[in-house]
Structures are given as C-alpha cells and as structure tokens.
Amino acid sequence: MWSQDLLFSYEYPFTNEARNTLTSFNLVFENVPKAEIEETKKLVIAIAKKKKIDLTVQENSGDTLKSALVRYTLAKIIIGVSNSEQLKVRFAKEYSDFSYSRLKSEKVIMDLLTDLFDVDSLSFDEKDYLVGIRLEKYLKYPPREKTLELVNRNLKNGYVYLTKQSLPLFLKNVAYWEIYNSFDKDYSKAPHTFREIAKEAKGAIYIPVPKIFLTKGKLTPEKFPPCIRALSKSIAEGNMPGHFGNIALTTFLLGIGAPVDFILETYKQSAKFDPKVATYQIQYLAGKTGSRTGSEKYSAPSCKKMQDWNLCVNRDPLCEKVSHPLSYYSAKIGNFKKKGKADERKVVSKNKV
Amino acid sequence: MNEKSFLKTKFREYYLKNRIPLLPRIEQREFGVGDFKKKITSRHLNFPSMNALKDYLVMETPLHISASVAYYGNVKGRTMDEKQWVGTDLIFEFDSDELNPPCMETHDSWRCPKCKKAGHGSVRACPECGSKTLLDSWVCHQCLNAAREQMQKLIDDFLLSDFGFEKKDLSLNFSGNRGYHIYIRNDVVYNLDKSAIVELMNYVTGRNLDPISHGFAEPDFSKSQKTYGPKPTDLGWSGRIARSAIDYIGKADAKSFAVDFNISTQMAHRILDRKEEMVRGIESGLWPLDFVKTKNPLEIWASLAQRFAARSAAEVDAQVTSDVRKIMRLPGSLHGATGLIAMPVKDLDRFDPLKDPIAFKGGSTKINVSRAPEFTLGGETFGPYENKTLELSDFAAVYLIAKGVAVIV
Ligand code: SF4
Ligand SMILES: [Zn+2]
Ligand SMILES: [Zn+2]
C-alpha cells in the first residue's frame, strides 16, 4: 500500500514533506541495494548524455514510489559530488519538469504552496488572483520564463500575484531553484562508489555543438570577429567581462545558435565564474533574444553599439565590410550565398550615413 | 592660497564642527574618495566606525567621499571576489540633467574644445565638427523640482504601493548638486541577491513588459476588430497600461497619433472622433485594434504604455541599482563640486535644495569669476558674471570655486 504522502513526496521531491518522508526511511548508504545504485547510475548517465528521461514509475506501489525517491536522493548526491554545472542544471530541469507535469489539481497546488511557504508569505485576498506571494520570497527564484518576470506580474503592497495560468509555472520555477540550490552542501564524506559514478558521469557529459559552429565538422571559434575573440580570451585568462561584455558575448553566442549549455561552458573557464548568477543571466538573455517585446534590447549588439560600449577592438579588414559581429561571422564561415547581397546592402547603407 | 587648498580648509572646518549622520553597517562598506575636479581618485578604503570616518574627514579631508551600496564580508579585500558581497541597499538616483528640463536651455552652455564653437543648452556633441563638447551645467529650482517630482512618483507608485516598502525604510538624500538619492534599507533588501535587484529594476522601468502576461489576448481579426486587454482598475502594470492608454487617447492629437500608429493623419482624425467610445472599451477591458497596422498591435499598445506610464521610472538610472559595486556620495558629506551638503531630507515638501544644504554661513572671500549665469543660492540671486572680481559670501564663493569657474584673488 502507498500513502498520499508518499505519492506527494515522489512527485515533489524538493518539498519539506519529501524530506520528512526520506528521513523516515532511515536510509544508510551501505545498505542501499546494489540494484538501486545501478538504476541511479543509469539515471545520472542518461542526464549527462542528455537522453530523454521518464521519471514516472511503472505502477504506483509503496516500493516503487519509495525507490523513486531514493533514486532522486542518491542521484542528487552523485551530482553534488561531481560538482558539474551541466549536471546540476539538467538534473534540476528534469525533475522540475516532471513535477510540473504532475501539477494538475488545485488541491495539490495549495498543498505545495503551504509546504514551501509560511502563511505570512501568502495572501489570498485579491479577487481574480489565486494567490499572492511575498515579494522577497518570490524574488528568491529568478524567473526562467517571460511571464514570471516581476514586470509581468501584478504587485500590490509587497505581494506578487499569480493567476491560474501562472501559478503552476511559478511552482515549476520554485522546484527548479530549490533543487538547484540544494547542491550547496559538503560532499566530502560521500561514499567511494558515488565518486566513481560521478567521475564517469562527468566524462559522459554531452555538450551539443550547434551546427553553425561547424565548418567541416569542426568548431571554429577562430572565425569569431575580433571583438568576440577578445571577450572569450579574457574569460580564458580568468576574468569576467563586465556587464556589457557579458551581454555582447552571450547574445552573440545565442545569435549563432549556441545552446545555453555551451555558453555556460565558455564562462566556466573563468575563475570568477559564479554559477548562480551566470546561469540566471544566460537564461535571462536567452529568454530575451527572440522575445517579442523589447527584443531589440537584447539581440546581439551591432558594431555601432559595440563601439559605444568600447568593445570593438582589434578591427580587421573584414570589419570594414560589416556592420554587425554576426555578419562578420557568417561571412567568415562562408555563408556566401546569402551573404553577398545582404552585405552589399549594409555597405551601401553604411556609406549613406 | 590656491583653490584646492582653500576648499580643503573650508571643508575641514566643516567636518570638525559637524557630525556625519550614522551610516548603518559602516564597517562592511567600501569607500572611495575624490579630489578637486575628480569625483573618484581612489577606492577600497574602509572605516571600522563612524569615529574613524570622522577622523579621516578631518585629517585627510577629501573633496568627495562615497560609500558602497553593497556590504562586504571582507571589506579589506582588493578585488570584488576577495571582498565577498554579502548584501546591499537598494538605491535610486534622480538627476535633473537626465530629465532635460526646459530651464537647461537658459542656464547651461557648451563649448567645443576643437572648433571653439559655443552655445546655450546641454549639447553633448558639437553640431559643427561633431567633437565631444565641454558642458557648463547649472541648476535652478525648476530642474531640482522636476527631479523631486519624479522621485515622489516613484515612491508613491512603485516603492510604497507595489513593493509594499514602508516609509520608515526609505531614506531620501539630496545629492549635493543636481538631484536626489533614495536609499531603501531593511532586512528584506539586505538579503536580496543580484538577480533580484535586476528584477526590481526592470519592474520600475517597465523593461520587458509582455502584453500577453498583462491580460491582452492574441487578436483574431477574422472574428473581431477588438481584443481583450487589461482594465484601468487592474493591479500593477496591467492597470498602469490601461490607465496610461486612456490618458494617452485623451490627450492625443491627430498628428502624434498618426506617427505612433503609423497611419495617415486623415485616418487619425477619424479615429480620434471616436475617442469616448475607445475609452469606454478599454474601461471594460475591450481594446480597439482596427487601426493598428502592424503584425502585432499589442506591442504598440504595450510600448506606448511603457513610454507614458513609466516616464518617471524610465528615467531612473537603471545602471545605478543593478550595478552592485556602485559607490554613492556619503550622506552628510560635502559635495566637492558645489560645497553643498549632501544632506538627508526629512520633509521633502519643505526642503529647499538651494538653501537648506548650505554649509558655509558667514564670512566672505574675494574671488574672480570667469563666467557664470544668473543663479540662486541661499535665498540670494547672483550673477550673471563675466570675468568679474568681487567679494562674495563664503557659501557662494565656495560654490563658484568648487564649480571651477572662479579663482581666489
Ligand atoms: S567592427 Fe564589428 S565585428 Fe569588427 S571588431 Fe568591431 S564590433 Fe566586432
Ligand atoms: Zn566643434
Ligand atoms: Zn534649471
């Protein structure tokens, strides 16, 4: 037999309820069955390889739900041991997506809210809104979608109001950050087996390389325009580019189709890398590029902008022919078919000014 | 005596006799100081107590002193990493020159270092040769009032009503020159992280407004020329968008309307004849779209709303609060470019920024003024001066010397 509490803990393993359930298992690592560890290993490797993952159990029973929760816990320790940013991000995403997919009834939503927030942080008194969350609590979870940005929520007296549509999205975001932040622990006492698996998982991490990067199957960052090369060089030397440098580099990489993971990897070379801030900023900018309002603000800056920002450095002859770092790149990797006309036009319009 | 040591002597006198208001958590802040005509010459200073700060002001007497908005775990660290950011105040800055008030045309002037052309107003690039100009900027009650009004709007509309901050958490401070600073200090703000500060900034500036999130429905022109949208009574930005649209329609003339919606003036006239009907529609949450000729009419409404409703907010220097390493003029210190006190403002309505912050009452000094427009200070009107030698009250002499337009004779 399984209880509602166990089901809830399995579906929302980041809650206090789940933590209590887990404590009640009296888990001792030495006693965890080998098969369970094997399953966990499969899960972690699948996450590393970015395979499609199904976290649903075959059928709900006390045992299956319990092992699912144990797997979550073990996987989290292994990933914590690995200290890999990619694994943390992907793990948090997998599990928060799963919880979100389970989030159907209003009752569960309310249960989650009361599990995660104390009563003083909630307000139910504005009509047309499901619930209000205290501003400072809301801000603990950087928005990962447009509609959760503070500017797209309605506020009153220090409460951020959520509707029927936005509340589940908010809870998904909470789940993501709760899981992500829970890696912030000391893993030095983790058992040896876990270290082995962590090492293997780290080696298995798959970083998709965007097509546009490839010329004859190879990465060609040497074809980046001088300004962008200067930024990545300074990262490789251990610095973090400033505010504008970050925007320029990130939007450029997003502009050529680089996935968030790849960009994170670029930034990780820097000693000053702060994963929480960087992840947020990149996801934030990724959300902005291609968004329909205010999209201009965060699409990759033109050469003119780069000059204003003092980021246009080491200009070379090709620079004279382009007005945008992205066109520099596409000219360099030989997008000549499209490029011919477009660049002519740009040169003409440049002369006009 | 040269001008710099004159100012230093005066400032020292002031710091000897006056108290700097308590700066919370002083031991966790970084300080920066500046010199004659240079706002910041060195950073990374720190003071364990208010007394230590006072001693420094009396002994060293920098002409500018600023304190970090951020608090550091290890304030002695040289790099930002070593310093370990642990928390922050939230600050907003209102500078009159950002608001482009009309009075700037009368009291400000510019000159081109290259071709020597000169003129009135605040012109940043020489219209003759395109070089960066040298600006000579001044303030008057009119532009300082503009800054005050914007600040009041931000306080009422955003800080108190939406964010729910309490009046007691806000400290207002005159900048000592052109405007005001608002500091918000409480445990909530202290514990915000950097991403949260970006969110708050975007909220007050209306950046990234998404029409759909604010209740607009995707229009379906096959069914209707109207679409659902926010109502003026809605909370937060939704209501702000609706109210500003109604306000905009009420005030719009055919010409500007035609430009904003990219339609002919003739058509704009026809549409504006239906003003009342449009306003009634928006009040009931049904927005007119029939004349909007872009593929996304919602964007037009949203960007208009942002333009009008956020006018106050948009002019808050967005960099200021989201730049967590920013240092701001120390409240209670003297401003090295005016000699005025960057003083805390208790009663904004009664505060006179050209009178109350005067530090040097009594005494007079003989100076030569190279050039100054007519200006008001300490309840008196001075100037205009052009290469004039005269004896002025100390506060006015200090003002002109600090501004770099007068020398001691
Ligand atoms: S001209 Fe454009 S592409 Fe070349 S370095 Fe400058 S900003 Fe980059
Ligand atoms: Zn000139
Ligand atoms: Zn003025």
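None of these values were measured; they are calculated from a predicted model. (Residues numbered from 1 in each chain as written. Chains lettered and ligands numbered in written order. Predicted model: local features only at pLDDT ≥ 70, side-chain atom pairs only at ≥ 80, totals over all residues. Heavy atoms only, no water.)

### Some remarks on the packing of aromatic side chains
All names here are of chain B. What counts is decided by this rule: The pairing test for Phe, Tyr and Trp rings, Trp by its six-membered ring, is centres within 6.5 Å, and the orientation test on the planes gives stacked under 30 degrees, edge-to-face over 60, and tilted for anything in between. Secondary structure follows DSSP: runs of H or I at least 4 residues long count as helices, runs of E at least 2 residues long count as strands, and numbering of each begins at the N terminus. Our definition puts a charge over a ring when NZ of Lys or CZ of Arg is within 6 Å of the ring centre and also within 35 degrees of the ring normal.
Evaluated as defined, the whole model comprises 40 aromatic pairs over all chains. Both rings, one in Phe174 and one in Phe351, keep their centres 5.7 Å apart while their planes meet at 55 degrees; by these two values the pair is tilted. Here Phe174 is found in strand β10 (residues 170-174), whereas its partner Phe351 is found in the loop between β15 (344-345) and β16 (364-372), with 177 residues between them in sequence. Feature note: the residues Trp138, Phe375, Phe382, Phe395 and Tyr399 constitute an aromatic cluster, connected by ring pairs. The ring of Tyr71 carries the charged tip of Arg25 above its face, separated from the ring centre by 5.4 Å.

### A look at the nonpolar core
For the record, the criterion: Among buried residues, those of type Ala, Val, Leu, Ile, Met, Phe, Trp, Tyr and Cys that are joined through side-chain atoms within 4.5 Å constitute a nonpolar core. When accessible area is computed with a 1.4 Å probe and restricted to protein chains, residues below 20% of their type maximum are described as buried, those above 50% as exposed, and intermediate ones as partly exposed. Contacts are residue-level and defined by heavy atoms, with any inter-residue pair within 4.5 Å sufficient.
One finds Phe170 of chain A together with Leu400 of chain B to be the most contacted residues of the largest nonpolar core, which totals 204 residues. For this core, the element with the highest residue contribution is helix α4 (residues 62-82) of chain A, accounting for eleven residues. Not counting chain neighbours up to four residues away, the residues in contact with Phe170 of chain A comprise Phe117, Ile133, Tyr138, Tyr141, Leu148 and Leu162 of chain A.

### Notes on the coordination of the zinc ion (ligand 3)
Residue and element names in this part refer to chain B. Our working definition: Sites may look incomplete because water is not among the atoms; the donors themselves are N, O and S atoms within 2.8 Å of the metal, or within 3.2 Å for Na, K and Ca. Site shape is set this way: if four donors have all angles between 85 and 135 degrees, tetrahedral; if opposite donors are over 155 degrees apart and all others between 65 and 115, square planar for four donors and octahedral for six; otherwise irregular.
On the protein side, the zinc ion (ligand 3) has Cys103 (SG), His107 (NE2), Cys140 (SG) and Cys143 (SG) as donor atoms, found 2.1 to 2.3 Å from it. Around the zinc ion (ligand 3), the four donor atoms are arranged such that angles at the metal cover 105 to 116 degrees; this shape is classified as tetrahedral. Read from N- to C-terminus, the donor residues coordinating the zinc ion (ligand 3) fall into the pattern C-x3-H-x32-C-x2-C. Side by side, Cys103 and His107 carry an identical accessibility label, which is buried.

### Quick look at the coordination of the zinc ion (ligand 2)
Residue and element names in this part refer to chain B. Here the zinc ion (ligand 2) is held by the protein donor atoms Cys112 (SG), Cys115 (SG), Cys126 (SG) and Cys129 (SG), which lie 2.2 to 2.3 Å from it. One way to put it: the four donor atoms around the zinc ion (ligand 2) meet at angles of 103 to 118 degrees, and that makes the site tetrahedral. In the primary sequence, the donor residues of the zinc ion (ligand 2) line up as C-x2-C-x10-C-x2-C. You can see Cys115 sitting in the loop between β7 (109-111) and β8 (118-120) and its partner Cys129 sitting in the loop between β8 and β9 (134-136), a full 14 residues away along the chain. According to the relative accessible area criterion, Cys129 is partly exposed, its value standing at 38%.

### Description of the pairing of strand β11 (residues 179-184) of chain B
Residues and elements named next belong to chain B. How we decide: Pairs of strands are assigned from DSSP output, requiring at least two bridges between the strands.
Here β11 lies mainly inside the structure; six of its six residues are buried. When strand β6 (residues 90-95) meets β11, the two strands line up antiparallel, connected through six bridges. Each residue of the ladder has a partner; that of Phe94, found in β11, is Tyr180. In the sheet, β10 pairs with β11 via five bridges, with the strands oriented antiparallel. From the neighbouring strand, Leu170 faces β11, where its bridge partner is Ile184.

### Considering the sheet that holds β9 of chain B
Adjacent strands of a sheet pair through backbone hydrogen bonds, lying either parallel or antiparallel. Residues and elements named next belong to chain B. To keep things clear, this is the line we draw: Axis geometry follows a simple rule: fit a line to the C-alpha atoms, using only the stretch in contact for helices, then measure angles between N-to-C directions, giving values from 0 to 180 degrees.
In space, the three strands of this open sheet follow the order β8-β7-β9, with antiparallel pairing throughout. The sheet is open, and its two edges are formed by β8 and β9, each paired on a single side. When the angles between neighbouring strand axes are averaged without regard to direction, this sheet yields 20 degrees.

### Looking at the interface of chain A and chain B
Applicable threshold: Salt bridges are identified by distance alone: a Lys or Arg side-chain nitrogen within 4 Å of an Asp or Glu carboxyl oxygen. Residues adjacent in sequence count toward polar contacts only when both atoms are side-chain atoms; beyond that, a polar contact is any pair of N or O atoms within 3.5 Å, and within protein one must be able to donate a hydrogen and the other to accept it. Gly counts as polar in this scheme, as do all residues outside two lists: the nonpolar Ala, Val, Leu, Ile, Met, Phe, Trp, Tyr, Cys and Pro, and the charged Asp, Glu, Lys and Arg.
Counting from both sides, the interface comprises 33 residues of chain A and, opposite them, 35 residues of chain B. For the salt bridge of Asp210 of chain B with Lys146 of chain A, the shortest nitrogen-to-oxygen distance reads 3.8 Å. At the boundary of chain A and chain B, one finds eight residue pairs in polar contact (both at pLDDT 80 or more). Sorting the residues of the side of chain A that touches chain B by element identifies α7 (135-138), β3 (154-156), β4 (159-162), α11 (243-255), α13 (275-288) and α14 (295-298) of chain A as the ones contributing at least two each. Top element by residues in the side of chain A that touches chain B is α13 of chain A. It accounts for five residues. A breakdown of the residues in the side of chain A that touches chain B according to their chemical character gives 15 nonpolar, seven polar and eleven charged.

### Overview of the site of ligand 1
Counted only if it meets this: Residues are classed as near a molecule or strand on a simple rule: at least one heavy atom within 4 Å of it.
What surrounds ligand 1 is the set Pro225, Cys227, Cys303, Met306, Cys312, Val313, Arg315, Cys319 and Pro325 of chain A. For the shell around ligand 1, a count of residues per class yields eight nonpolar, no polar and one charged.

### Section: the domain arrangement of chain B
Counted only if it meets this: Source of the domain bounds: an automatic or database domain assignment.
Splitting chain B by domain gives domain 1 (3-95 + 151-202 + 317-359), domain 2 (104-136), domain 3 (211-312) and domain 4 (360-409). Computed from C-alpha atoms alone, the centre-to-centre distance between domain 1 of chain B and domain 2 of chain B is 31 Å.

### Some details on the packing of helix α1 (residues 4-11) of chain A against helix α2 (residues 16-25) of chain A
Residues and elements named next belong to chain A. Note the threshold: Each angle is binned into one of four classes, with values under 35 degrees roughly parallel, values over 145 roughly antiparallel, values of 65 to 115 roughly perpendicular, and all other values oblique. Helix crossings get a hand from a simple test, with the near helix turned counterclockwise from the far one by less than a right angle marking a left-handed crossing and a clockwise turn marking a right-handed one.
Between α1 and α2, the least distance of the axes is 8 Å, while the angle of their chain directions is 110 degrees. Compared by their axis directions, α1 and α2 come out roughly perpendicular. The way α1 lies across α2 gives a crossing that is left-handed. Residues Asp5, Leu6, Phe8 and Ser9 of α1 form the contact with α2, whose own contacting residues are Glu17, Ala18, Thr21 and Phe25.

### Some words on the pattern of salt bridges
If the charged atoms of two oppositely charged side chains come close together, the side chains can form a pair. Residue and element names in this part refer to chain A. Overall, the coordinates contain 29 salt bridges over all chains when judged by the stated rule. The salt bridge involving Asp97 is made with Lys93; its shortest N-O contact spans 2.8 Å. Note that Asp97 and Lys93 are positioned in helix α5 (residues 85-102) at a spacing of four residues, about one turn of the helix. Exposure remark for Lys93: the relative accessible area of 40% places this residue in the partly exposed category. The closest approach of N and O atoms between Glu106 and Lys164, which form a salt bridge, is 3.4 Å. Of this pair, Glu106 sits in helix α6 (residues 106-116) while Lys164 sits in the loop between β4 and α8 (166-181), and the two are 58 residues apart along the sequence. On the accessibility criterion, Glu106 (42% relative accessible area) is partly exposed. Using a relative accessible area of 55% as the deciding quantity, one classes Lys164 as exposed. Through salt bridges with shared partners, a single ionic network connects Lys93, Asp97, Glu145 and Lys172.

### So, the side chain of Lys88 of chain A
All names here are of chain A. Quick reminder of the rule: A positive count includes Lys and Arg, and a negative count includes Asp and Glu. His and the chain ends are not counted in either.
With respect to the element layout, Lys88 can be found in helix α5. Although Lys88 is buried, it makes no salt bridge; Glu85 carries the closest opposite charge, 4.2 Å away. A distance of 2.9 Å separates polar atoms of two side chains, one belonging to Lys88 and the other to Asn83. Not counting residues up to four positions away in its chain, the partners in contact with Lys88 are Ile79, Asn83, Tyr180 and Phe183.

### A look at helix α11 (residues 275-283) of chain B
All names here are of chain B. This is how the line gets drawn: To be clear, the arc concerns the directions from the helix axis to the C-beta atoms.
Every buried residue belonging to α11 is among Met278, Val279, Gly281 and Ile282, and all of these are buried. For α11, the arc enclosing every buried residue in end-on projection is 155 degrees, short of the 170-degree limit, so these residues lie on one face. Turned more than 90 degrees away from the buried face of α11 sit Glu276 and Arg280, all of them exposed. Contact partners of the buried residues in α11: α8 (236-251), α9 (254-261), α10 (265-272) and β13 (286-288). Residue Gly285 follows α11 closely and has a positive phi angle near 85 degrees.

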